[in-house]
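A structural walkthrough
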Amino acid sequence: MIGIDELDVKGRSVFVRSDLNVPLDGDTITDDGRIRASAPTIKKLVERGAKVIVGAHLGRPKGQPNPKYSLAPVARRLGEVLGQEVAFATDVVGESAQATVAGLKEGQVALLENLRFEPGEESKDDAVRGEFADKLASFAELYVGDGFGAVHRKHASVYDLPKRLPHAAGDLVRAEVEVLKRLTENPVRPYVVVLGGAKVSDKIGVIANLLGKVDRLLIGGGMAYTFLKAQGHEVGGSLLQEDQLDQVRGFLAEAAERGVEIVLPVDVVAATHFAADAPHEVVDATAIPADRQGLDIGPRTRELFAAKLADAKTVFWNGPMGVFEFDAFAGGTRAIAEALVKSDAFTVVGGGDSAAAVRRLGLPEDGFSHISTGGGASLEYLEGKKLPGLAALEE
């Protein structure tokens, strides 16, 4: 996979597929992490005299223009981060896009409207996707794939477009792949993985693949209750995936056979209902009352998990330990993040909610070795899947 340093970009139009899929409250960006992570590749191309056309998606507008998912606020923030104006096309391949791209001079940047406003972007039909990719290809002479958060999608701008233009991987994508190789090919041991988030079903592939690679697996978040139930414990009204119990029992048996330590919560913060101000108490994880639901790992579990991370040399963390958006249930997620900041290990935060939690809790981003921009893409890479966007860049 060649990098952008190997491309001659001066005076040429370069299509950069970035990941600018940021959370919005109305038109206010609540976490600009992905914009800041995408800026260095764009800036490098600008400094080398390229005319940069940025393509990205936001949310799931399902192939229809929807003002709620407009990239207009992103264009403004990207301009601030780059320190220069970003021209914004109010459509993707229509009159506005054509005029905006035609008006670009060396060192200037344009952002197209949300690629997912066009049905061709996500179409399962190769011909429909290809037709849309042809229109995007008409804008540029070169392609740079830098949207790591989208490389696991077989979408027109990620998979089909690089097949139509000379292409390279952006610096962000190359950095992400380098980190994931360190986690999968020869990790320095002890290698500890911390998994949280709501559902076991979202992490089945990654658990199955990691059981052959890790020394220790710490399980928190909503998914922990399915593990506790699989061990025969009552979990009250906590999140439970009954259909995953046999799968989880299989994981527990395989882990025991392989000598992989699976560490589950010993206490939880249990609330009367799911709300920021819900009455709550700390209870043993093996005795959650029927009228309570676990919304965070408890103080003894935080200490236990921190102790299990203390001697690690490599750590991958994906998924919060509780409902971190509510202050009363953010303590577990904070405890994991702080343990990683203190650690001497190579620490990787696996994108998505975990990365958002780090920023929401005000922890220093440089306290971690790497914060990924791609939650789903990171997990699929760790599952051992072939990611379409990376495969297209490697061709």
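A brief look at the structure comes next. Not measured: the values here are computed from a predicted model.

1. Structural notes on a positive patch on the surface
Among the surface-exposed residues, Arg60, Lys62, Lys124 and Arg153 lie close enough to one another that they form a single positively charged patch. Position of arginine 60 relative to the elements: it lies in the loop between strand 4 (51-55) and helix 2 (72-82). Residue classification places arginine 60 among the exposed residues on the basis of a relative accessible area of 58%.

2. Overview of empty space enclosed by the protein
This structure, assessed with the given rule, holds 1 cavity of 30 Å³ or more. What lines the largest cavity is simply Arg17, Tyr143, Gly145, Asp146, Gly147, Val151, Val158, Gly389 and Leu393. Taken together, the residues that form the lining of the largest cavity break down as 4 nonpolar, 3 polar and 2 charged.

3. A short note on the packing of aromatic side chains
Within this structure, the stated rule accounts for 2 aromatic pairs. In this structure, arginine 182 packs its charged tip against the face of phenylalanine 346, placed 3.6 Å from the ring centre.

4. A short note on the side chain of threonine 184
Assignment of secondary structure puts threonine 184 in helix 7 (residues 171-184). From its side chain, threonine 184 meets the backbone oxygen of leucine 180 in a polar contact 2.8 Å long. Beyond its immediate stretch of four places on either side in the chain, threonine 184 contacts Lys213, Tyr381 and Leu382.

5. Details of the nonpolar core
Nonpolar side chains tend to gather and get buried jointly when the protein is soluble and globular. If you look at the biggest cluster of nonpolar residues, it comprises 73 residues, and the most contacted ones within it are Leu112, Leu136, Ile207, Ile219 and Phe227. Excluding residues that lie within four positions of it along the chain, leucine 136 makes contacts with Phe15, Val92, Val93, Leu112, Leu115, Ser157 and Leu161. Membership of the second largest hydrophobic core comes to 28 residues, among which are Ile35, Ala50, Ala75 and Leu78.

About the cut-offs
Each chain carries its own residue numbering, running from 1 in the written order of its sequence. Residues qualify for local features only when their pLDDT is at least 70, as the model is predicted, and side-chain atom pairs are given and counted only at 80 or more; totals for whole chains, interfaces and linings, by contrast, use all residues. Side-chain metrics rest on all non-hydrogen atoms present in the structure, leaving aside hydrogens and water. For patch detection, residues must exceed 30% relative accessible area and be free of salt bridges, and they are connected within 9 Å for like charges or within 5 Å for nonpolar side chains (Val, Leu, Ile, Met, Phe, Trp, Tyr). The Shrake-Rupley method, run with a 1.4 Å probe sphere, supplies the accessible areas, and residue values consider only the shown protein chains as cover. Put simply, a salt bridge is a Lys or Arg side-chain nitrogen that is within 4 Å of an Asp or Glu carboxyl oxygen. A residue counts as positive if it is Lys or Arg and as negative if it is Asp or Glu; His and the chain ends are not included. One atom stands in for each charge, and that atom is NZ of Lys, CZ of Arg, CG of Asp or CD of Glu. Counting from the N terminus, the helices are DSSP H or I runs at least four residues long and the strands are E runs at least two residues long. Here's how the labels work: a residue is buried when its accessible area is under 20% of the maximum for its type, exposed when over 50%, partly exposed in between, all with a 1.4 Å probe on protein chains only. Buried and open spaces are told apart on a 1 Å grid over the protein atoms alone, a cavity being a set of points where a 1.4 Å probe fits but cannot get out and a pocket being an open set with protein on both sides within 12 Å along at least five of seven lines. Residues with an atom within 4 Å of a point are the lining residues. Grid points are joined across faces, edges and corners, and a volume is the space filled by probe spheres set on the points. Under this grouping Gly is polar, as are all residues other than the nonpolar Ala, Val, Leu, Ile, Met, Phe, Trp, Tyr, Cys and Pro and the charged Asp, Glu, Lys and Arg. By convention, a stacked pair of Phe, Tyr or Trp rings (six-membered ring in the case of Trp) has centres within 6.5 Å and planes under 30 degrees apart, an edge-to-face pair has planes over 60 apart, and any other such pair is tilted. Criterion for a charge above a ring: Lys NZ or Arg CZ within 6 Å of the ring centre, and within 35 degrees of the ring normal. Between N or O atoms, a polar contact is any pair within 3.5 Å; within protein, one atom must be a potential hydrogen donor and the other a potential acceptor, and residues adjacent in sequence are included only when both atoms are from side chains. Here, residues are in contact when the closest pair of their heavy atoms is within 4.5 Å. Nine residue types can take part in a nonpolar core, namely buried Ala, Val, Leu, Ile, Met, Phe, Trp, Tyr and Cys, and a core is a set of them joined through side-chain atoms within 4.5 Å.

Note that every value here comes from positions in space, so none of it alone points to a role or purpose.
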